[in-house]
Amino acid sequence: MRRIAIVGAGQSGLQLGLGLLDTGYDVTLLTNRTADQIRQGKVMSSQCMFHTALQTERDLGLNFWEEQCPAVEGIGFTLVNPENGEKAFEWSARLERYAQSVDQRVKMPDWMEEFERRGGKLVIQDVGLEELEQLASEYELVLLAAGKGEVVKQFEHDAERSTFDKPQRALALTYVKGMQPISPYSRVTFNVIPQVGEYFSFPALTVNGACDIMVFEGIPNGPMDCWQEAKTAEEHLALSLELLKKYVPWEYERCQQVELTDAGGYLAGRFPPTVRKPILTLPSGKQILGMADALVVNDPITGQGSNNAAKCSKVYFDAILNHANQSFDAQWMTQTFERYWAYAEQVVAWTNSLLVPPQPHMVEILAAASQNQAIASTFANNFDDPRQFAPWWFDAQAAQQFIQSKTAKKVA
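Structure report, in brief. (Residues numbered from 1 in each chain as written. Predicted model: local features only at pLDDT ≥ 70, side-chain atom pairs only at ≥ 80, totals over all residues. Heavy atoms only, no water.)

**Topic: the packing of helix H1 (residues 11–22) against helix H4 (residues 104–117)**
Now for step 1: Running from amino to carboxyl end, H1 crosses H4 at an angle of 25°, the nearest separation of the two axes being 10 Å. On the basis of the axis angle, H1 is roughly parallel to H4. Of the two possible hands of crossing, H1 and H4 adopt the one that is left-handed. Contacts between H1 and H4 involve Gln 11, Leu 14, Gln 15, Gly 17, Leu 18 and Leu 21 from the former and Lys 107, Met 108, Trp 111, Met 112, Glu 114 and Phe 115 from the latter.
Now for step 2: Class assignment for the residues of the contact of H1 with H4 results in seven nonpolar, three polar and two charged. (Axes fitted to C-alpha atoms, helices over the stretch in contact; angles between N-to-C directions. Helix = DSSP H or I, 4+ residues; strand = E, 2+ residues; numbered from the N terminus. Parallel < 35°, antiparallel > 145°, perpendicular 65-115°, else oblique. Left-handed = near helix turned anticlockwise from the far one by under 90°. Contact = heavy atoms within 4.5 Å. Nonpolar A, V, L, I, M, F, W, Y, C, P; charged D, E, K, R; others polar.)

The structure is reproduced here in structure tokens:
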């Protein structure tokens with residue numbers, strides 16, 4: 001029985017660990033918080049998972065909340081006119097397969113307990129270089145799946161694959177109950193406010209039932225970069241509503257009766273989108289392989305974080321199983337990450353393109369979607385696999401061809 005250690009109990013680490021247990025591996029998972037500490041803590045993310053990522057959970061029997069979690073049935077987009085604050089255009093389209101969002105304070109503790117039920121060893125402790133050395137001497141493979149912490153920073157920054165070196169948005173989450181639902185189908189409501197930032201919301205499942213997650217993406221030093229002013233949960237909610245009233249009043253109208261889900265239902269912070277090199281060589285010469293958020297950190301503007309983590313977990317799971325009894329050497333580590341990067345590269349490119357002022361052809365595509373439901377549908381459903389945005393999202397000539405192909409079908 002091959003022995004594998006995973007540091008980090010998030011989407012990728014737990015999903016991989018649970019999958020490996022089911023196929024006969026001896027797996028130890030290390031994390032610095034207990035299940036109850038996570039349940040009782042603050043929200044950690046704005047996860048919205050689309051069909052393909054959700055399917056990786058279903059395949060492992062981990063979709064415990066599928067029946068009770070509200071469905072996200074579509075994607076909506078609104079561009080705000082910066083001159084008058086009104087809608088320049090808007091559109092929405094149904095997803096072919098629904099998305100879902102389960103608060104990580106619900107999912108991760110349950111998965112941790114399931115990991116132990118299935119025979120895994122769960123260790124609660126901080127992990128630094130000394131602990132990694134110990135793990136590397138005891139296990140055939142050590143994976144770092146933690147997205148935060150000092151040990152993650154030991155992985156070398158990949159300057160060639162990293163577009164930015166500083167945060168591109170001031171981020172804030174507000175988990176609320178009482179938001180007026182959208183008809184005729186639930187959806188992500190994505191609003192772009194030029195020179196200010198972005199706001200979107202979507203239904204989710206949290207520690208005390210169904211809710212909506214409000215996500216604010218403020219351009220640094222702009223009017224939505226203001227969360228340091230909110231010192232308490234009540235001030236955070238009040239500031240959230242104040243920003244909606246000022247910049248997206250149609251969203252404010254849906255929030256007349258909202259209240260925070262719980263005392264931990266809010267978060268604010270910022271981080272630079274980053275790509276790191278996959279292998280950490282310890283002082284002893286032993287090597288650790290990073291995965292998911294430890295290596296590829298996306299801004300949440302496109303909602304791809306948990307999706308990437310689940311898909312990375314699937315790539316690593318298959319690579320481990322296919323490696324039989326061979327050594328997990330540096331070549332295997334590099335090849336495994338590159339298989340994941342073959343997917344993630346386009347996701348990163350698409351996400352990063354939304355963090356800078358759009359090129360004219362991008363605005364033209366979004367405007368065309370408001371006039372052509374086929375374009376809107378294609379755009380919405382590509383959230384499940386952002387590789388499908390290439391080449392037409394990135395290239396002006398390809399954009400014209402894409403618009404024309406959808407228009408021709410409409411006419412026909």
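Next comes the rest of the description.
**Brief notes about the environment of Gln 37**
Now for step 1: Tracing the backbone shows Gln 37 in helix H2 (residues 35–39).
Now for step 2: With 68 residues separating them along the chain, Gln 37 and Arg 105 place their C-alpha atoms 9.0 Å apart.
Now for step 3: Within the local environment of Gln 37, its side chain forms a polar contact with the backbone nitrogen of Thr 34, the two atoms lying 2.8 Å apart. (Polar contact = N/O pair within 3.5 Å; in protein donor to acceptor, adjacent residues only side chain to side chain.)

**Let's talk about the packing of aromatic side chains**
Now for step 1: According to the stated counting rule, one finds 23 aromatic pairs in the structure shown.
Now for step 2: Judged by centre distance (5.8 Å) and plane angle (20°), the rings of Phe 77 and Trp 91 are stacked. In this pair, Phe 77 sits in strand S3 (residues 71–80) while Trp 91 sits in strand S4 (residues 87–100), placing the two residues 14 residues apart along the sequence. For the pair Phe 77 and Trp 91, one class covers both residues: buried.
Now for step 3: A ring pair is formed by Trp 350 and Phe 389, whose centres lie 4.4 Å apart and whose planes are at 15°; its orientation type is stacked. Taken together, the residues span a long stretch of sequence, with Trp 350 in helix H9 (residues 330–353) and Phe 389 in the loop between helix H11 (373–381) and helix H12 (396–411) at a distance of 39 residues. (Phe/Tyr/Trp six-rings, centres within 6.5 Å; stacked < 30°, edge-to-face > 60°. Buried < 20%, exposed > 50% of the residue type's maximum accessible area, 1.4 Å probe, protein only.)

**Digging into the pattern of salt bridges**
Now for step 1: Applying the stated criterion across every chain yields a total of 22 salt bridges.
Now for step 2: Note that Arg 118 and Glu 114 form a salt bridge whose closest N and O atoms lie 2.7 Å from each other.
Now for step 3: Note that Asp 318 is salt-bridged to Lys 314, the shortest N-O span being 3.1 Å. Of this pair, Asp 318 and Lys 314 both sit in helix H8 (residues 305–322), four residues apart, which is roughly one turn of the helix.
Now for step 4: Look at Lys 314 and you get partly exposed, because its relative accessible area is 37%.
Now for step 5: Overlapping salt bridges, with partners in common, bring together Asp 22, Glu 114, Arg 117 and Arg 118 in one network. (Salt bridge = Lys/Arg side-chain N within 4 Å of Asp/Glu carboxyl O.)

**Considerations on the packing of helix H3 (residues 51–58) against H8**
Now for step 1: One can describe the packing of H3 onto H8 by two numbers: an axis separation of 9 Å at closest approach and a directional angle of 50°. Classified by the angle their axes make, H3 and H8 are oblique. Note that H3 runs across H8; the crossing there is left-handed. Here H3 contributes Thr 52, Ala 53 and Thr 56 to the contact with H8, which in turn contributes Asn 307, Ala 310, Lys 311 and Lys 314.

**Here's the deal with the layout of surface pockets**
Now for step 1: Empty space within the second largest pocket amounts to approximately 560 Å³.
Now for step 2: Every residue lining the second largest pocket is counted, 30 residues in all, and those nearest its centre are Val 192, Glu 198, Leu 354, Val 356 and Pro 358.
Now for step 3: Sorting the residues of the lining of the second largest pocket by element identifies S3, S4, strand S8 (188–193), strand S9 (197–206), H9 and helix H10 (360–369) as the ones contributing at least two each.
Now for step 4: Per-element tally for the lining of the second largest pocket: the top contributor is S3, with four residues. (1 Å grid on protein atoms, 1.4 Å probe; cavity = no way out; pocket = protein on both sides within 12 Å on 5 of 7 lines; lining within 4 Å. Points joined across faces, edges and corners; volume = space filled by probe spheres on them.)

**Brief notes about the sheet that holds strand S1 (residues 3–7)**
Now for step 1: Spatially, S5-S2-S1-S6-S15-S14 is the arrangement adopted by the six strands of the open sheet, whose pairing is mixed. Of all strands in the sheet, those with a lone pairing partner are strand S5 (121–124) and strand S14 (279–281), marking the two edges. On average, each strand axis in the sheet is tilted by 25° relative to the strand beside it, whichever way the strands run.
Now for step 2: Pairing of S14 with strand S15 (residues 287–290) involves three bridges; the strand directions are antiparallel. When the sheet's bridge partners are listed, Ile 279 is paired in S15 with Leu 289.
Now for step 3: Sheet contacts for helix H5 (residues 129–138): S1, strand S2 (26–31), strand S6 (141–144), S14 and S15; angle to S1, the most-contacted strand, approximately 165°.
Now for step 4: Sheet contacts for H8: S1, S6 and S15; angle to S6, the most-contacted strand, approximately 175°. (Pairing = 2+ DSSP bridges.)

**A few points about the pairing of S1**
Now for step 1: Among the five residues in S1, four count as buried, and that is most of the element.
Now for step 2: Relative to S2, S1 runs parallel, the two being bridged by five bridges. Paired with Arg 3 across the bridge in S2 is Asp 26.
Now for step 3: Handedness of the β-α-β unit built from S1, H1 and S2 comes out right-handed.
Now for step 4: Note that S1 and S6 share four bridges and pair parallel. Residue pairing in the sheet places Ile 4 in a bridge with Leu 141 of S6. (Right-handed = clockwise from strand over helix to strand, strands pointing away.)

**Observations regarding unusual backbone geometry**
Now for step 1: Cis peptide bonds are those with omega within 30 degrees of zero, and the linkage from Ser 183 to Pro 184 qualifies with 5°.
Now for step 2: Structurally, Pro 184 can be placed in the loop between strand S7 (170–177) and S8.
Now for step 3: Of the consecutive residues Ala 390 and Pro 391, the connecting peptide bond is found in the cis state with omega at 0°.
Now for step 4: Assignment of secondary structure puts Pro 391 in the loop between H11 and H12.
Now for step 5: One non-glycine residue, Asn 221, lies in positive phi territory at about 70°.
Now for step 6: Mapped onto the fold, Asn 221 is located in the loop between strand S10 (209–218) and helix H6 (233–247).
Now for step 7: The class of Asn 221 is exposed, set by a relative accessible area of 77%.
Now for step 8: Despite not being glycine, Ala 324 has its phi angle at roughly 50°, a positive value.

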